[in-house]
Amino acid sequence: MQRLKLKIQLYCGNEIAMGPGKADLLDAIDREGSISGAARAMDMSYRRAWLLVDAMNRCWREPLVETSPGSAKGGGARLTALGIAVLHHYRALQKRLQGSSDCAAYLALAEALLAEPKASRKGDRT
């Protein structure tokens, strides 16, 4: 069992501009062609997906996702050129971080970490 889970979160002020879940949402939008389709594929509400897209679009110099309204010809969403680039670079950074499990710092932390936490002593009056 992997005991250390490293995740990358990119911040814009106090807002998470990109993280593992947002990257997964971008992948789903790219695959499904819509925010609603991506939300369904990820078992997420449309509102939650839309709020995540809105946060991403507000944090980068250009939007990562562009939408077109539904009509007889359809509508949907697609990743912009910047969205594709950000997703690509984020996934590359994730892959590089996953490859760090053989570095000395990772191994030292894994060695010092317990498999399960010790029993809490909170509330003990000794």
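Look up: the structure comes first, before these words.
The following paragraphs examine the structure supplied in this document. (Residues numbered from 1 in each chain as written. Predicted model: local features only at pLDDT ≥ 70, side-chain atom pairs only at ≥ 80, totals over all residues. Heavy atoms only, no water.)

### Here's the deal with the overall build of the chain
A tally of regular secondary structure across the chain gives five helices and four strands. Secondary structure elements in the chain, listed N-terminal to C-terminal, are β-β-α-α-α-β-β-α-α. If you line up the chain on its principal axes, its C-alpha atoms span 70 × 35 × 30 Å. Burial statistics for the chain: of 126 residues in total, 29% are counted as buried. Element-wise, carbon and sulfur atoms account for 53% of the exposed surface of the chain, whose accessible area totals about 9200 Å². On the chain, the mean spot of the 19 positive side-chain charges and the mean spot of the 13 negative ones are 4 Å from each other. (Helix = DSSP H or I, 4+ residues; strand = E, 2+ residues; numbered from the N terminus. Buried < 20%, exposed > 50% of the residue type's maximum accessible area, 1.4 Å probe, protein only. Areas by Shrake-Rupley, 256 points an atom, 1.4 Å probe, with all protein chains shown as cover. Lys, Arg positive; Asp, Glu negative; His and termini not counted. Charge placed at Lys NZ, Arg CZ, Asp CG, Glu CD.)

### Overview of the environment of M42
With respect to the helices, strands and loops of the structure, M42 is situated in the loop between α2 (35-41) and α3 (46-59). Along the primary structure M42 and G99 are separated by 57 residues, whereas in three dimensions their C-alpha atoms are 27 Å apart.

### Remarks on the pattern of salt bridges
According to the stated counting rule, one finds six salt bridges in the structure shown. For the salt bridge of R58 with E15, the shortest nitrogen-to-oxygen distance reads 3.6 Å. One end of the pair, R58, is in helix α3; the other, E15, is in strand β2 (residues 15-18), and 43 residues separate them in sequence. Residue classification places E15 among the partly exposed residues on the basis of a relative accessible area of 29%. (Salt bridge = Lys/Arg side-chain N within 4 Å of Asp/Glu carboxyl O.)

### Topic: the nonpolar core
Counting residues in hydrophobic clusters, the biggest one holds 22 residues, and the most contacted among them are M18, L25, L26, I29, L64 and V65. Breaking this core down by element, the ones donating at least two residues are α1 (20-32), α2, α3, β4 (76-79) and α4 (81-98). Those residues in contact with L25 that sit more than four places away from it in its chain are A38, M42, A49, L52, V53 and M56. (Core = buried A, V, L, I, M, F, W, Y, C linked by side-chain atoms within 4.5 Å. Contact = heavy atoms within 4.5 Å.)

### A few points about the packing of α1 against α3
Two elements in contact, α1 and α3, have axes whose closest approach is 11 Å; the angle formed by their N-to-C orientations is 105°. Classed by the angle they form, the pair α1 and α3 counts as roughly perpendicular. In this structure, α1 contributes K22, L25, L26 and I29 to the contact, and α3 contributes A49, L52, V53, A55 and M56. Its residues placed into classes, the contact of α1 with α3 shows eight nonpolar, no polar and one charged. (Axes fitted to C-alpha atoms, helices over the stretch in contact; angles between N-to-C directions. Parallel < 35°, antiparallel > 145°, perpendicular 65-115°, else oblique. Nonpolar A, V, L, I, M, F, W, Y, C, P; charged D, E, K, R; others polar.)

### Things to note about α3
Look at α3: 20 Å from first C-alpha to last across 14 residues, which is about the 20 Å you get at 1.5 Å a residue. The complete set of buried residues in α3 reads A49, L52, V53, A55, M56 and C59. All buried residues of α3 fall inside an arc of 160° around its axis, so they share one side. Residues R47 and R58 are exposed on α3 and point more than 90 degrees away from its buried face. On its buried face, α3 is in contact with β1 (10-12), β2, α1, α2 and β3 (65-68). (Expected span 1.5 Å × (residues − 1). Arc of directions from axis to C-beta.)

### So, the side chain of T80
Examined against the element boundaries, T80 turns out to sit in the loop between β4 and α4. A distance of 3.0 Å separates a polar atom in the side chain of T80 from the backbone nitrogen of G83. (Polar contact = N/O pair within 3.5 Å; in protein donor to acceptor, adjacent residues only side chain to side chain.)

Such coordinate-based values are descriptive only and should not be taken to indicate function.
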